[in-house]
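Breakdown of the fold
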Amino acid sequence: MAFMLGITPWPVASALLWIILIVSALYLARATAHKAIQAMARAFHRGFRTASKAVARSQENLAARNRDVLLAAGREAKERVIEREFDRINDTVRKDLGNHAGLHRSLDESIKRIEDDHQQSVNVPPDPPGWVKAVEAIAKIDEREGRFGVSNILSDIHKSLVKAHKEAMTAYLSASKQRHLLLKGMRPDWRAIQKTLLQVGKNVDSLLARSVTIDRLMQEYEDIVRGQDRAVSVLSSSSLVNFFVSALVLTVAIGGAAINFSLIARPMAEMVGGTSLIGGYRTADIAALVIIMVEISMGLFLMESLRITRLFPVIGALPDKVRVRMAVITFTILLLLASVEAGLAYMREVLLHDELATSALLRGDAAATATNEYLWITTAAQMGMGFILPFALTFVAIPLETFVHSLRTVVGMIGISLLRFTSLLLRLLGNASLHIGTLLEQLYDLPLFVPLWLEQRMGHDGNGKGRRAYTGEARS
Amino acid sequence: MKRLVPLMLCTVLAACGQQGPQNTGVYMLLDTSGTYREELDKAEQIIRYTLSRLGETDTFAVARIDTGSFSEKDIVAKASFDDRPSAVNRQKRAFAQRVADFVESANSSPYTDISGGILQAVEYLNEKGTGNKTILIFSDLKEDLEAGYVREFELDLDGFRVIALNVTKLRSDNIDPREYLGRLESWQGKVEKAGGEWSVINDLDGLDGLL
């Protein structure tokens, strides 16, 4: 600095001289400097734009990929729902309509019985005595010919006739009663027919309702297959909902697993020792954790074997016989582990009590060592929890499957958002670099305001070039 | 990938490696000489407190200080606790019972061989190889050796904590407190010279920092 101010005997003159020299140099290099600044700005602009386009392309690819994944997942889910709906219809048809032949036979039999009973209950009038006219004729002959001996005979015949009539009437009344009884016996058959027909009606209605559901599902399935935007939108929304709901349920399950862990970690020290460490962690804790993990794994396999979840396609593709066998084995292992946990929970309570008693003894607090008569309640509760929690954890498989499937989509959505933001940011930077180039030109021109003003005033090229240069318009 | 597998194996093996013993060994010396025998009830409380603080695989021994304390015969009760919690509780109860029996039946000893007791404690704890080693001295720290007993030797107390408990003032200390202070200073110098850490706890209600 001292050197710079020492080129003349007067520092102010030296400074002025330097300023004039620098401004002159800058003015002479102005066009080149502007070109360099513009080149640099355009280079940045192009670079950012190219990067922005590349990121936007990646985002589009990811969006397309995510859309495919979403549609594939939706298609698979919808296929499962439709398949289950068909299974239900199949069950209904097999169970309710499969015995249609028997139902038909039952109806036929009921109708036949009714017909027979109806036939038997037809009211047959008693035969009129055909020989009454003959008796009357003989009686008339008797009167004409004056044969009074016949009268007695006819009187006897009349008596016999009256008697026979009475007997016939009695038989008729008895038969009528029998017919009425038969008609009364037909009532249950009518009711049975009515009930059967009602059941058939319900089954048919159920089938119709299911067919409506299937129609709706098939419509949605077709939308998904066609890749319609509405279907994608619905699937995205449901995927997000599934993600948050399954995450919530998994959090609850983790809480359950933590309680399970605390139930068995302490007594596990009795089995593997309380002080040995593996990788800085107590072996007893690791053993307890392993038991819980094995239980969760068994639960997953059980759910897979029952085809409730489909995380492992290999298990789902197994023959039914092997699959059922696997389900039985995994359930047995779960049962054994649950029993072990119940035992450990009991052991925990015993150990805790023992430790409290020892502590009380060491404190000299004899009253604290007295046995609590309600201790069995906590012991039973702990054993119950130890037994139930492994089975409860089995159901983790369902939210886990949902979480895994929805996670793929959600991660894709987050990736798309990030890429979109990055693309926008790069685009903004690209535009900003152009403006920064202009700003740098203006800043360059700022110390040159004197020569530029002179240039403008002189208008040396006569075309206003100097003015344009001063205002920066020559740039474009 | 070829490098990753051995690296993971090494990491797992390193994680599984032993990190040295982390257990605690405590050796407590009980002064039974003269009138200090009357203080044994307090010692029993300290022992019970110590028992409640110790856990699996820890070691605890209680020995009396008498005429010649450099002897295993002076050990009243000792236990290396199992690593199963239920067994530890049983051991603790048995230990407490043995100490209680001793406190009831202990006789006064005519001499006080604290140095011999410390040497015995060092040997015992070194033999057990515990990670942390603590020697508790329940005494007035007034050493009184029988004629002929030589206790002028160098101790190696590197890694040991030596805590003097209930260091009562003698009648002569009341007349000349410098004796008491000198006694404490002498033992502190002796322990620290041997590489150990020295501390004194006289308030038995504040045993929180004992272990």
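Residues numbered from 1 in each chain as written. Chains lettered and ligands numbered in written order. Predicted model: local features only at pLDDT ≥ 70, side-chain atom pairs only at ≥ 80, totals over all residues. Heavy atoms only, no water.

Our next topic: unusual backbone geometry. Located in the positive-phi region is A:Arg307, a residue other than glycine, with phi close to 60°. Mapped onto the elements of the fold, A:Arg307 is located in the loop between helix H7 (283–305) and helix H8 (313–316). If you check the backbone angles, B:Leu141 has positive phi at about 65° while not being a glycine. Mapped onto the secondary structure, B:Leu141 falls in the loop between strand E4 (132–138) and strand E5 (160–165). (Helix = DSSP H or I, 4+ residues; strand = E, 2+ residues; numbered from the N terminus.)

Attention now moves to the interface of chain B and chain A. Taken together, the contact between chain B and chain A spans 16 residues of the former and 16 residues of the latter. When chain B packs against chain A, close to 1,400 Å² is buried across both sides, 57% of that on carbon and sulfur atoms. When residues of chain B are sorted by the area they lose upon contact with chain A, B:Arg48, B:Asn89 and B:Arg93 head the list and together hold 34% of the total. The interface formed by chain B and chain A includes 1 salt bridge. Between A:Asp354 and B:Arg93 there is a salt bridge, with the nearest N and O atoms lying 2.8 Å from each other. Between chain B and chain A we count 5 residue pairs in polar contact (both at pLDDT 80 or more) in total. Among the secondary structure elements, those contributing two or more residues to the side of chain B that touches chain A are helix H1 (4–16), helix H2 (40–53) and helix H3 (85–105) of chain B. Of all the elements, H3(B) adds the most residues to the side of chain B that touches chain A, at 6 residues. Considering only residue class, the side of chain B that touches chain A consists of 5 nonpolar, 5 polar and 6 charged. (Contact = heavy atoms within 4.5 Å. Buried area = accessible area lost by both parts, 1.4 Å probe. Salt bridge = Lys/Arg side-chain N within 4 Å of Asp/Glu carboxyl O. Polar contact = N/O pair within 3.5 Å; in protein donor to acceptor, adjacent residues only side chain to side chain. Nonpolar A, V, L, I, M, F, W, Y, C, P; charged D, E, K, R; others polar.)

Before going further, it helps to spend a moment on helix H3 (residues 100–120) of chain A. Residue and element names in this part refer to chain A. The end-to-end C-alpha distance of H3 is 30 Å, a good match for the 30 Å that 21 residues give at a rise of 1.5 Å each. Where H3 is concerned, the buried positions are Leu107, Ser110, Ile114 and Asp117. Viewed along the axis of H3, the buried residues span an arc of 95°, placing them on a single side of the element. Residues Ala101, Arg105 and Gln119 are exposed on H3 and point more than 90 degrees away from its buried face. (Expected span 1.5 Å × (residues − 1). Buried < 20%, exposed > 50% of the residue type's maximum accessible area, 1.4 Å probe, protein only. Arc of directions from axis to C-beta.)

Time to look at the nonpolar core. Residues and elements named next belong to chain B. Among the nonpolar cores identified, the biggest contains 31 residues, and Met28, Leu30, Ile47, Phe60, Phe95 and Leu165 are the most heavily contacted of them. If you list the elements that add at least two residues to this core, you get strand E1 (24–31), H2, strand E2 (59–65), strand E3 (75–80), H3, E4 and E5. In terms of residue count, the dominant contributor to this core is H3 (6 residues). Apart from residues lying up to four places away in sequence, leucine 165 is in contact with Met28, Tyr36, Ile46, Leu136, Ile137, Phe138, Ser139, Ile201, Asn202, Leu207 and Leu210. The next biggest cluster of nonpolar side chains, apart from the first, holds 27 residues, and it includes Leu29, Ile118, Ile137 and Val191. (Core = buried A, V, L, I, M, F, W, Y, C linked by side-chain atoms within 4.5 Å.)

Quick look at the environment of A:Val93 now. With respect to the helices and strands, A:Val93 occurs in helix H2 (residues 30–97). The spacing of A:Val93 and A:Val204 is 111 residues in sequence and 9.4 Å in space, taken between C-alpha atoms.

Moving on, we get to the side chain of B:Asp66. All names here are of chain B. With respect to the helices and strands, the residue aspartate 66 is situated in the loop between E2 and E3. Look at aspartate 66: it is buried, it has no salt bridge, and the nearest opposite charge is arginine 64 at 4.1 Å. Excluding residues that lie within four positions of it along the chain, aspartate 66 makes contacts with Asp74, Ser109, Tyr111, Thr112 and Asp113. (Lys, Arg positive; Asp, Glu negative; His and termini not counted.)

Attention now moves to the packing of aromatic side chains. Scanning the model with the defined rule gives 9 aromatic pairs over all chains in all. Ring centres of A:Phe331 and A:Phe391 lie 5.9 Å apart, and the angle between their planes is 40°; on these two criteria the pair is classed as tilted. Residue A:Phe331 is located in helix H9 (residues 320–363), and its partner A:Phe391 is located in helix H10 (residues 375–394); the two are separated by 60 residues in the primary sequence. Ring geometry for B:Phe60 versus B:Phe95: centroids 4.9 Å apart, planes at 10°, classification stacked. Linking B:Phe60 in strand E2 with B:Phe95 in helix H3, this pair joins segments that are 35 residues apart in sequence. (Phe/Tyr/Trp six-rings, centres within 6.5 Å; stacked < 30°, edge-to-face > 60°.)

Residues and elements named next belong to chain A. By secondary structure assignment, the location of valine 81 is in helix H2. The class of valine 81 is partly exposed, set by a relative accessible area of 37%. For valine 81 and isoleucine 214, which are 133 residues apart along the polypeptide, the C-alpha to C-alpha distance reads 9.2 Å.

Residue and element names in this part refer to chain B. Across the sheet, which stays open at both edges, the 6 strands sit in the order E3-E2-E1-E4-E5-E6 with mixed pairing between neighbours. Each of the sheet's edge strands pairs with one partner strand only, and the pair in question is E3 and strand E6 (197–201). Going across the sheet, the axis of each strand differs from the next one's by a mean of 15°, ignoring polarity. Relative to E3, E2 is paired through 5 bridges, and the arrangement is antiparallel. Each residue of the ladder has a partner; that of threonine 59, found in E3, is serine 80. Contacting E1, E2 and E3, H3 crosses the sheet at an angle of about 175° to E3. Its contacts with the sheet put helix H4 (residues 114–128) on E1, E2, E3, E4 and E5, and the angle it makes with E1 is roughly 160°. (Pairing = 2+ DSSP bridges. Axes fitted to C-alpha atoms, helices over the stretch in contact; angles between N-to-C directions.)

Under the definition given, this model contains 20 salt bridges over all chains. One salt bridge in this structure joins A:Glu401 and A:Arg80, with 3.5 Å as the shortest N-O distance. With A:Glu401 in helix H11 (residues 397–445) and A:Arg80 in helix H2, this pair connects stretches of sequence that are 321 residues apart. Taking the relative accessible area as the measure of exposure, A:Glu401 reaches 7% and is therefore buried. Residue B:Glu154 is joined to B:Lys193 by a salt bridge in which the shortest nitrogen-to-oxygen separation is 3.7 Å. Within this pair, whereas B:Glu154 is found in the loop between E4 and E5, its partner B:Lys193 is found in helix H6 (residues 177–193), the two being separated by 39 residues in sequence. In this structure, B:Glu154 and B:Lys193 share a single accessibility class: exposed.

Right, let's talk about the layout of surface pockets for a bit. Residues and elements named next belong to chain A. Size it by volume and the largest pocket reaches roughly 760 Å³. What lines the largest pocket is a set of 27 residues, among which Ala73, Gly74, Ala77, Lys78 and Asn242 lie closest to the centre. Of all the elements in the fold, those that place two or more residues in the lining of the largest pocket are H2, helix H5 (149–226), helix H6 (229–272) and H11. Here the lining of the largest pocket gets 9 residues from one element, more than from any other, and that element is H2. (1 Å grid on protein atoms, 1.4 Å probe; cavity = no way out; pocket = protein on both sides within 12 Å on 5 of 7 lines; lining within 4 Å. Points joined across faces, edges and corners; volume = space filled by probe spheres on them.)

For the rest of this paragraph, the subject is the pairing of E1(B). A regular strand places its side chains so that they alternate between the two faces of the sheet. Residue and element names in this part refer to chain B. Among the 8 residues that make up E1, 8 are buried, leaving the element largely enclosed by the rest of the structure. The two faces of E1 match: Thr24, Val26, Met28 and Leu30 on one face and Gly25, Tyr27, Leu29 and Asp31 on the other face are all buried. Bridge analysis of E1 against E4 gives 7 bridges, and the strand direction is parallel. Its bridge partner being in E4, leucine 30 is matched across the sheet by phenylalanine 138. In terms of handedness, the path from E1 via H2 over to E2 forms a crossover that is right-handed. (Right-handed = clockwise from strand over helix to strand, strands pointing away.)

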